[in-house]
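Residues per chain are reported as follows:
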Amino acid sequence: MNADPQTRSKPDGEREASALEAGVRRGIAVVARGLRKSFDGGLVRALDGVDLNVRAGETVALSGPTGCGKTTLLSLLALLDEPDEGELELGGVPATRLRPAEPWRAANVGIVFQLHHLLPHLTVAENVALPLAVRTLSRRDRRDRVAGMLDRLALCHRADTLAAKLSGGERQLAAVARALIARPALLFADEPTGSVDSATGQVILDHLLGWCRDTGATLVLVTHDAAIAGAMDRTITMRDGRMR
Amino acid sequence: MNAALRSLTRRPRRTILTVAGVAAAACAYMLLVGSAQGFLAQFRKLSTLFGADLVLLQAGSTSPWNSVLPVQPLAKLGEIGDIAGVSRLALGKARIVGAPFFLLFGLDPAEPLLGHLAIVRGRTLRPGADEMLLGSLAATRLGIGCGGEIDVRARRLRVVGVYRTGHRVVDAGGVLDLATTQRLFNLHDAVSLVFLDLAAPSAAGSAAARITARVPNVVVASAGEWVESYGQLVVVEDFARFLAVLALLIAVLGVANVLHVSVGERTQELAVLRAIGWRRQRVAAHILTECGLVTLLGAAVAVPMAELILLLIDSAWLGSLETAGFLPPHLSGGVILEGIVVACLAGLLGAAAPLLRAIRVRPADALRGA
Ligand SMILES: Nc1ncnc2c1ncn2[C@@H]1O[C@H](COP(=O)(O)OP(=O)(O)OP(=O)(O)O)[C@@H](O)[C@H]1O
Ligand SMILES: [Mg+2]
C-alpha cells in the first residue's frame, strides 16, 4: 500500500509539509465559528451561524432534514465557496490564507459528489487521473498511481472503459478513486451512497473509512442513513442552517 | 492541449456539428465577398479587354448597355486627327434557348476591334451575313459549335466560329456583325461605345480634350478607366462592402452561438474540474484551446466547402451561363486568406462569451445536481 502517512509527507516534492498536514499533526482538521451563508440576495439563509470542530483523523457523519444546509456547509469546508460571515480554519490555518483554493484543494482535499460527476467522454483511468493533471508528476508515476488506486478499488478491469458506459455503482467507485488519487488528508463526501444499492454503498463506505484508517485522513460525510452514520466516529445533526 | 483534443475527438458528433457551424459561417463569408469581388473584377477587366486607347460613351448613360451614340456626331471624329483606328461596338441582350440573358456584341468586321478577337475554332464574320461568333464558355455550356444555329429575336444565325478572350462575361456571349446587331435591336445607325486607336497613344490627353470640345453629348475616357466612369460600379462596390460586413456579422454570431452552446452544455463538467483543483486559468485555457482548434478546423473545412459550392454553381448542372460569366470559378488567394482571418477573428470574438461563462462557473455547483 503506497498511501500511509509517511509516504504522504514526502512524496512528489509539491505537498511536503503542507499547512494542512502541519495542522493535522497538531490534531486539528476543521475549526468553524459562526459560518453564515445566504443565497438569492439574502432571501435564502442556507447557513445561519454554524460552529464545528473536527479532529484530525476523525470520521464525522453530517445529517439533517433536506434543505438544512449540509451541502452548503460542505462547499464552504472544501473552499468551493466563501462564507458571508464567520471564521474557518483548516489544519490550523485561516481559510483566507489558503486562497487561491484550487492548488490547496488539489493537494489536500478529496471530494465525492452525490452524483458521480465523471466526465463521460473520458475513460475511468483518465477520470481518475484528472486531479493529477495539475501536479508535476512523471507520466509513469501518474500511471502507476492510477493503476494502484484502481487496484485498491477493484476497478482495474474497467480502466479503459468510457465513464458513460459504467454501471451506477462502478461510476461511484470510480468517483471515489478520483477523490483519493491525490492522497488527500481531508475527505468530503455528499451522500456518496445515495444513488447506489446498499451493497455497493457498503463497499464505498468501507473504502472511504479504510482510507482514513490507513492514512489518518479526516472524513466529513453527509448521509441520511442511520446505519452509515453509525459507522462513523461521531454524528452531527443540522437543522435550519445550524448545528442542533 | 491533450485534454482539449480528447474533449473534441471523444465527442465526434458534437465536434462535427460545431466545426460545421464555424465552417458554414466562414464559407458564407468567402462566397459573399468572393462573388462580389469576382463580379467587380470581371467588370473592370472589360476596360482593358478591347485594347484601345480611348473610349467614347454617351454622356449620362448608366451602363455600357444603355449608352447610345448616334452616328452623325461621330462623323466629326474625322476632323480630330491622330486617330489610327475607329471601332464601333453595339451591345444587346437577348433571351435565347438555354440562356435567358445572353450578351451580344456587334462589331464591324472591317474595323480593328474584331481583329483583336482570338478565334479558336472556325472563321471570323463576313460583313452583313446572318452569322455569329460564339464565346468559348457559351459554346461549351450551350453545346453548340461551328455550324450550329441560334435564334436571336426570331432571326436564325449561323455559328461560324468560336472565340476566347479569357474574360468570362465576354466568353459567355456572342459576337455579331454590327449591321446585323443594329437591325436586330432597332438601333438604326446608333452604337453603344466607340473605341479609338491613336497614332500617338501618349497624346491621349489632348486628343480626348479635342473630342470633348467638338463632339456633343459624349464622354471620353482612357481605355483603362472607362468602366470606372459608370456609377453602377460604385454601387456594386458599396454593396460588396456591405455584404462583407454582413458576412462578418453572420460569421461572428454563428461561431459565438456554436461555441456558446458547446460550452454551456458543460458548465457542470467545468465546475467539477474546478472542484478537483483545476484553477480558473487552466479551465479557461482548456476552453480557449478547444475553441481555437474548432475554429481552425472550421476555417480549413470552409475553403474546400466554398470551392465545391462555386464548382457546383459553375457546373451546367446547378448554374447558368450568366452565373458562369459573372461568378468566379475559384476563390482568389486573397479571399481565402481573408476568410481564414475572418474565421479566426470570429472564433476569437465568438469564444469570448463562452470563455466568460467558463470562468464564471462556480466550483460549488459541482456539489449540486446537473
Ligand atoms: N446556489 C444556490 N442558490 C440559491 N439557493 C441555494 C443555493 N444553494 C443552496 N440553496 C438553498 O440553501 C438551502 C440549503 O441547501 P443545501 O443544498 O445546503 O441543503 P442540504 O441540506 O444539502 O439538502 P439535501 O439534503 O436536500 O441535499 C436550501 O434551501 C437551498 O434551496
Ligand atoms: Mg445536499
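1. Re the overall build of chain B
Line of reasoning, step 1. Of regular secondary structure, chain B possesses 13 helices and ten strands.
Line of reasoning, step 2. For chain B, the spread of C-alpha atoms along the three principal axes comes to 95 × 45 × 30 Å.
Line of reasoning, step 3. Considering chain B as a whole, with its 370 residues, one finds that 50% of them fall into the buried category.
Line of reasoning, step 4. For chain B, the computed accessible surface area is about 16400 Å², with 63% contributed by carbon and sulfur atoms.
Line of reasoning, step 5. One way to put it: in chain B the 34 positive side-chain charges average out to a point 15 Å from where the 25 negative ones average out.

2. Considerations on the overall build of chain A
Line of reasoning, step 1. Across its full length, chain A holds nine helices and ten strands.
Line of reasoning, step 2. When each of the 244 residues of chain A is scored for burial, the buried share is 56%.
Line of reasoning, step 3. Taking contacts inside chain A between residues at least 6 apart in sequence as the whole, the part at least 24 apart equals 71%.
Line of reasoning, step 4. On chain A, roughly 10200 Å² of surface is accessible, and the fraction owed to carbon and sulfur atoms is 49%.

3. Comments concerning the nonpolar core
Line of reasoning, step 1. Core analysis: the biggest nonpolar cluster contains 71 residues, and Val30, Leu52, Leu73 and Leu88 of chain A have the highest contact counts within it.
Line of reasoning, step 2. At seven residues, helix H9 (residues 231–264) of chain B tops the list of elements feeding residues into this core.
Line of reasoning, step 3. Every residue in contact with leucine 52 of chain A, bar those within four places of it in the chain, is listed here: Val30, Val31, Ala32, Arg33, Leu73, Leu77, Ile236 and Met243 of chain A.
Line of reasoning, step 4. Counting residues in each nonpolar core, the second largest holds 40 residues, with Leu132, Leu187, Leu205 and Cys212 of chain A among its members.

4. A look at the packing of aromatic side chains
Line of reasoning, step 1. Considering all chains together, one arrives at one aromatic pair over all chains under this definition.
Line of reasoning, step 2. Over the ring of tryptophan 278 of chain B we find arginine 282 of chain B; its NZ or CZ atom is 5.1 Å from the centre of that ring.

5. So, the pattern of salt bridges
Residues and elements named next belong to chain A.
Line of reasoning, step 1. Counted by the stated rule, this structure contains 30 salt bridges over all chains.
Line of reasoning, step 2. Its salt-bridge partner being arginine 36, residue aspartate 48 comes within 2.8 Å of it at the nearest N-O pair. You can see aspartate 48 sitting in strand E2 (residues 44–55) and its partner arginine 36 sitting in strand E1 (residues 28–39), a full twelve residues away along the chain.
Line of reasoning, step 3. Relative accessible area serves as the criterion here: at 14%, aspartate 48 is assigned to the buried category.
Line of reasoning, step 4. Overall, the relative accessible area of 31% leaves arginine 36 in the partly exposed class.
Line of reasoning, step 5. In this structure, a network of salt bridges that share partners links the residues Arg36, Arg45, Asp48, Glu85 and Arg242.

6. Some words on the pairing of E2 of chain A
For a regular strand, the rule is simple: side chains alternate between the two faces of the sheet.
Residues and elements named next belong to chain A.
Line of reasoning, step 1. Here E1 pairs with E2 via nine bridges, running antiparallel. Each residue of the ladder has a partner; that of alanine 32, found in E2, is leucine 52.
Line of reasoning, step 2. Remark: four residues form the turn of the hairpin made by E1 and E2, two consecutive strands paired antiparallel; aspartate 40 in that turn has positive phi of roughly 50°.

7. Notes on the sheet that holds E1 of chain A
Across a sheet, strands are paired by hydrogen bonds formed along the backbone, either parallel or antiparallel in direction.
All names here are of chain A.
Line of reasoning, step 1. Taken in spatial order, the four strands line up as E2-E1-E4-E5 in an open sheet, and their pairing is antiparallel. For this open sheet the edge positions go to E2 and strand E5 (93–94), each flanked by a neighbour on one side alone.
Line of reasoning, step 2. Two elements, E1 and strand E4 (residues 85–90), share five bridges in a ladder whose sense is antiparallel. Within the sheet, the bridge partner assigned to valine 30 lies in E4 and is leucine 90.
Line of reasoning, step 3. Relative to E2, helix H3 (residues 70–77) is tilted by about 55°, and along the sheet it contacts E1, E2 and E4.

8. With respect to the domain arrangement of chain B
Residues and elements named next belong to chain B.
Line of reasoning, step 1. Domains assigned within chain B are domain 1 (2–43 + 233–369) and domain 2 (52–222).
Line of reasoning, step 2. In this structure, domain 1 and domain 2 have C-alpha centres spaced 46 Å apart.
Line of reasoning, step 3. With 14 residues of domain 1 in contact, the opposing surface of domain 2 contributes 14 residues.
Line of reasoning, step 4. Across the interface of domain 1 and domain 2, roughly 1100 Å² is buried in total on both sides, 62% from carbon and sulfur atoms.
Line of reasoning, step 5. Among the residues domain 1 hides against domain 2, the three largest losses belong to Gln42, Leu321 and Glu322. Together they make up 54% of the total.
Line of reasoning, step 6. Linking domain 1 to domain 2 there are zero salt bridges.
Line of reasoning, step 7. Viewed at the interface, domain 2 and domain 1 are joined by zero residue pairs in polar contact (both at pLDDT 80 or more).
Line of reasoning, step 8. Elements that contribute at least two residues to the side of domain 1 that touches domain 2 include exactly helix H2 (12–49) and helix H12 (321–326).
Line of reasoning, step 9. With five residues, H12 is the single largest residue contributor to the side of domain 1 that touches domain 2.

9. Overview of the site of ligand 1
Line of reasoning, step 1. Lining the immediate surroundings of ligand 1 are 15 residues, of which Thr66, Lys70, Thr71 and Thr72 of chain A together with Arg368 of chain B lie closest.
Line of reasoning, step 2. The separation between an oxygen atom of ligand 1 and a polar side-chain atom of threonine 66 of chain A is 2.3 Å.
Line of reasoning, step 3. Summarising the interface, the protein chains cover 72% of the accessible area of ligand 1, which totals 630 Å² for the free molecule.
Line of reasoning, step 4. For the shell around ligand 1, the secondary structure elements donating two or more residues are E2 and H3 of chain A.
Line of reasoning, step 5. In the shell around ligand 1, the residues fall into four nonpolar, six polar and five charged.

10. Some remarks on the side chain of arginine 274 of chain B
Line of reasoning, step 1. On the secondary structure map, arginine 274 of chain B appears in helix H10 (residues 267–275).
Line of reasoning, step 2. Overall, arginine 274 of chain B belongs to the buried group, its relative accessible area being 4%.
Line of reasoning, step 3. Apart from the residues within four sequence positions on either side, arginine 274 of chain B is in contact with Glu102 and Arg105 of chain A together with Arg279, Arg280, Val283, Ile359, Val361 and Pro363 of chain B.

11. Section: the layout of surface pockets
Line of reasoning, step 1. By volume, the largest pocket amounts to about 670 Å³.
Line of reasoning, step 2. For the largest pocket, the lining is made up of 20 residues, of which Ala129, Ala133 and Arg142 of chain A together with Asn2 and Arg6 of chain B are closest to its centre.
Line of reasoning, step 3. Mapped onto the lining of the largest pocket, the elements with two or more residues apiece are helix H5 (124–129) and helix H6 (139–152) of chain A together with helix H1 (2–9) and helix H11 (280–314) of chain B.
Line of reasoning, step 4. A total of five residues in the lining of the largest pocket trace back to one element, the largest contributor, which is H6 of chain A.
Line of reasoning, step 5. When its residues are assigned to classes, the lining of the largest pocket shows eleven nonpolar, three polar and six charged.

12. What to know about a nonpolar patch on the surface
All names here are of chain B.
Line of reasoning, step 1. Nonpolar side chains collect at one region of the surface, where Phe239, Phe242, Leu246 and Ile250 lie side by side and expose about 380 Å² of accessible area between them.
Line of reasoning, step 2. By the secondary structure assignment, isoleucine 250 is in helix H9.
Line of reasoning, step 3. For isoleucine 250, a relative accessible area of 42% corresponds to the partly exposed category.

13. A closer look at the side chain of glutamate 126 of chain A
Line of reasoning, step 1. With respect to the helices, strands and loops of the structure, glutamate 126 of chain A is situated in helix H5.
Line of reasoning, step 2. A relative accessible area of 18% means that glutamate 126 of chain A is categorised as buried.
Line of reasoning, step 3. A polar contact is formed between the side chain of glutamate 126 of chain A and the backbone nitrogen of threonine 123 of chain A, at a distance of 2.9 Å.
Line of reasoning, step 4. Discounting residues that sit within four places of it in the chain, glutamate 126 of chain A has contacts with Arg6 and Arg10 of chain B.

Thresholds applied
- Residues numbered from 1 in each chain as written.
- Chains lettered and ligands numbered in written order.
- Predicted model: local features only at pLDDT ≥ 70, side-chain atom pairs only at ≥ 80, totals over all residues.
- Heavy atoms only, no water.
- Helix = DSSP H or I, 4+ residues; strand = E, 2+ residues; numbered from the N terminus.
- Buried < 20%, exposed > 50% of the residue type's maximum accessible area, 1.4 Å probe, protein only.
- Areas by Shrake-Rupley, 256 points an atom, 1.4 Å probe, with all protein chains shown as cover.
- Lys, Arg positive; Asp, Glu negative; His and termini not counted.
- Charge placed at Lys NZ, Arg CZ, Asp CG, Glu CD.
- Contact = heavy atoms within 4.5 Å.
- Core = buried A, V, L, I, M, F, W, Y, C linked by side-chain atoms within 4.5 Å.
- Phe/Tyr/Trp six-rings, centres within 6.5 Å; stacked < 30°, edge-to-face > 60°.
- Lys NZ or Arg CZ within 6 Å of the ring centre and 35° of its normal.
- Salt bridge = Lys/Arg side-chain N within 4 Å of Asp/Glu carboxyl O.
- Pairing = 2+ DSSP bridges.
- Axes fitted to C-alpha atoms, helices over the stretch in contact; angles between N-to-C directions.
- Domains from an automatic or database assignment.
- Buried area = accessible area lost by both parts, 1.4 Å probe.
- Polar contact = N/O pair within 3.5 Å; in protein donor to acceptor, adjacent residues only side chain to side chain.
- Near = heavy atom within 4 Å.
- Nonpolar A, V, L, I, M, F, W, Y, C, P; charged D, E, K, R; others polar.
- 1 Å grid on protein atoms, 1.4 Å probe; cavity = no way out; pocket = protein on both sides within 12 Å on 5 of 7 lines; lining within 4 Å.
- Points joined across faces, edges and corners; volume = space filled by probe spheres on them.
- Patch = residues over 30% accessible without salt bridge, like charges linked within 9 Å, V, L, I, M, F, W, Y side chains within 5 Å.

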